[in-house]
Amino acid sequence: MNATLAAVVLSLFSAVAYAAAAVAQERLASRTTEPGVLSMLGNTAWWWSVALNASAALLHVAALKYGTLTLVQPLGALTLVAAVPLGARVAGRRVSVVEWRGTALTLVGLSALLVTASGPAPDDVLSVPQALAVAAATSVAIGVLSRPGTRPGLRHATASGFASGVASALTQTVTVAVTDRSGPILSVQVIVVALLVAAFATAGLLLSQTAYRGGLGAPLAVVTLANPVAAAAIGLCLLGEQLQGGPAGLLLAAFGAGVAAWGVVTLSRSAPEPVAAAPGPFEDDEHPVAAVLALEAEAAKYAPSFIPNQPEPGHRTNPGHLTPL
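The structure displayed is predicted, hence computed values, not measured ones.

Procedures and definitions
- Residues numbered from 1 in each chain as written.
- Predicted model: local features only at pLDDT ≥ 70, side-chain atom pairs only at ≥ 80, totals over all residues.
- Heavy atoms only, no water.
- Helix = DSSP H or I, 4+ residues; strand = E, 2+ residues; numbered from the N terminus.
- Buried < 20%, exposed > 50% of the residue type's maximum accessible area, 1.4 Å probe, protein only.
- Contact = heavy atoms within 4.5 Å.
- 1 Å grid on protein atoms, 1.4 Å probe; cavity = no way out; pocket = protein on both sides within 12 Å on 5 of 7 lines; lining within 4 Å.
- Points joined across faces, edges and corners; volume = space filled by probe spheres on them.
- Nonpolar A, V, L, I, M, F, W, Y, C, P; charged D, E, K, R; others polar.
- Expected span 1.5 Å × (residues − 1).
- Core = buried A, V, L, I, M, F, W, Y, C linked by side-chain atoms within 4.5 Å.
- Axes fitted to C-alpha atoms, helices over the stretch in contact; angles between N-to-C directions.
- Parallel < 35°, antiparallel > 145°, perpendicular 65-115°, else oblique.
- Left-handed = near helix turned anticlockwise from the far one by under 90°.
- Patch = residues over 30% accessible without salt bridge, like charges linked within 9 Å, V, L, I, M, F, W, Y side chains within 5 Å.
- Areas by Shrake-Rupley, 256 points an atom, 1.4 Å probe, with all protein chains shown as cover.
- Salt bridge = Lys/Arg side-chain N within 4 Å of Asp/Glu carboxyl O.
- pLDDT = per-residue confidence, 0-100.

### Here we look at the overall build of the protein chain
No. 1: Helix and strand counts for the protein chain come out as 12 helices and 2 strands.
No. 2: Helices and strands appear in the protein chain in the N-to-C order α-α-α-α-α-α-α-α-α-α-α-α-β-β.
No. 3: Going through the 325 residues of the protein chain one by one, you find that 43% of them count as buried.
No. 4: The contacts of the protein chain with a sequence gap of at least 6 include a subset with a gap of at least 24, amounting to 80%.

### With respect to the layout of surface pockets
Any empty space left between the atoms is revealed when a probe the size of a water molecule rolls over them.
No. 1: Space inside the largest pocket adds up to approximately 910 Å³.
No. 2: Contributing to the lining of the largest pocket are 38 residues, with Y18, N53, A57, S164 and A201 lying nearest its centre.
No. 3: If you list the elements that add at least two residues to the lining of the largest pocket, you get α1 (3–31), α3 (44–66), α8 (154–179), α9 (188–211) and α10 (217–238).
No. 4: Looking at the lining of the largest pocket, the element that brings in the most residues is α3, giving 8 residues.
No. 5: Among the residues making up the lining of the largest pocket, the classes are represented as 21 nonpolar, 17 polar and no charged.

### Observations regarding α9
No. 1: Taking 1.5 Å per residue as the helical rise, α9 with its 24 residues ought to reach 34 Å, and the 34 Å between its terminal C-alpha atoms agrees with that figure.
No. 2: Turning to α9, its buried residues are V190, V193, L196, V197, F200, G204, L205, L207, S208, Q209, T210 and A211.

### Section: helix α11 (residues 246–269)
No. 1: Spanning 24 residues, α11 covers 35 Å between terminal C-alpha atoms, matching the ideal 34 Å at 1.5 Å per step.
No. 2: Among the residues of α11, those classed as buried are G249, A253, G256, V259, A260, G263, V264, T266, L267 and S268.

### Some words on the environment of A260
No. 1: When you line up the elements, A260 lands in helix α11.
No. 2: Since its relative accessible area comes to 7%, A260 is described here as buried.
No. 3: Separated by 152 residues in the primary sequence, A260 and V108 place their C-alpha atoms 7.0 Å from one another.
No. 4: When near neighbours in sequence (up to four residues on either side) are disregarded, A260 contacts L105, T106, G109 and L110.

### Topic: the nonpolar core
No. 1: Counting 31 residues, the largest nonpolar core has L69, I142, V166, L170, V193, F200 and I234 as its most contacted members.
No. 2: The set of elements that each furnish at least two residues to this core consists of α1, α3, α4 (69–72), α7 (128–145), α8, α9 and α10.
No. 3: When residues of this core are assigned to their parent elements, the largest contribution, 8 residues, is made by α8.
No. 4: Apart from residues no more than four positions distant in its own chain, L69 is found in contact with L64, P74, S168, A169, Q172, A231, G235, L239 and E241.
No. 5: Counting 28 residues, the second largest nonpolar core, distinct from the first, contains L75, A83, L113 and L267.

### Considerations on the packing of α8 against α9
No. 1: Contact pair α8 / α9: the axes reach a minimum separation of 8 Å and the direction vectors enclose 155 degrees. Considered as vectors, α8 and α9 are oriented roughly antiparallel to each other. Between α8 and α9 the crossing geometry is left-handed.
No. 2: Residue classes in the contact of α8 with α9 are distributed as 19 nonpolar, 9 polar and no charged.

### Some thoughts on the side chain of S14
No. 1: Relative to the assigned elements, S14 resides in helix α1.
No. 2: When neighbours within four sequence positions are excluded, S14 is seen to be in contact with A56, L59 and H60.

### Digging into a nonpolar patch on the surface
No. 1: A cluster of nonpolar side chains, contributed by I185, L186, I191 and L195, occupies part of the molecular surface with about 440 Å² of accessible area.
No. 2: Topologically, I191 is positioned in helix α9.

### With respect to the confidence of the model for the protein chain
No. 1: For the protein chain, mean pLDDT is 75; residues scoring 70 or higher make up 74% of the total.
No. 2: The weakest mean pLDDT in the protein chain belongs to helix α12 (residues 288–293) at 37; the strongest belongs to α7 at 93.

### Here we look at the packing of α7 against α8
No. 1: Contact geometry of α7 with α8 gives a least axis separation of 9 Å together with a crossing angle of 170 degrees. It follows from the interaxial angle that α7 and α8 lie roughly antiparallel. Taken together, the residues of α8 that come into contact with α7 (itself represented by A131, V134, T138, A141, I142 and L145) are R155, T158, A159, F162, A163, V166 and L170.

### Quick word on the environment of A17
No. 1: Within the element layout of this structure, A17 appears in helix α1.
No. 2: Judged by its relative accessible area of 15%, A17 is buried.
No. 3: Between the C-alpha atom of A17 and that of N53, which follows or precedes it by 36 residues, the distance is 6.8 Å.
No. 4: What A17 contacts, discounting residues up to four positions off in sequence, is L52 and A56.

If you want it as structure tokens, here you go:
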């Protein structure tokens, strides 16, 4: 298996895991009355969504070992494509015609990007000064987008996309630096960049959780578009990555990016009214993923409580006889 094919396959599995995590986060956010990190830390279902994100992140890291940022990051749009049938499944409905159209457009656009972005495995990394400069610029942008007083939604989704895209770019630096065996595994560069990865990955997760309070479609679309923009900018400007095919390849990449963006926006605008679903496998709260993806928390079924019969006036009652309430 060549490097490009390995990166595509790993990105596909990563996208499915990210889609499941996104649907889980949106459902949790819509049912959470008390926003804040502390309330989420006490929610078991939220930790399962974190586990899904962590699994997706590990697959993403593996993909970045074999593919460039300009190849791997646009494939993140497959997250939204995978979220469509998953979201329809847990909502108990069929995928709409508009959603199929958006999925087709996204896949066509990504296919065009794959032709131009494919290439050898990455071998360049960010230096510590470059990583710190990228981190500082991104922190300022995130601070402006998520400043206090702004309504959660597209601004937080944009900030989440930037944070996740930068985390991916920094992750690639760590992955290449550790696996090329040209220096010590725990060098200053690896340690500093790894700490930045942890900070931006956490920020991206928390910002997306805030963004999904208003719904999944538009915020997830913005995250999906902002992420590859940030990562590709770093790859093209700082890591020497190039698109294949010269001017023709550049035009094909622009066409593919435009069609994929059109598909993502189409998917984000398709929000059919949910219908009542018959009891199914997702309503079993004993399953950890089902607990995350359950449509609604079922009302607890209490056992009948018993109270003594109230005696009627002038009527004697057996004190041991109980009547269910």
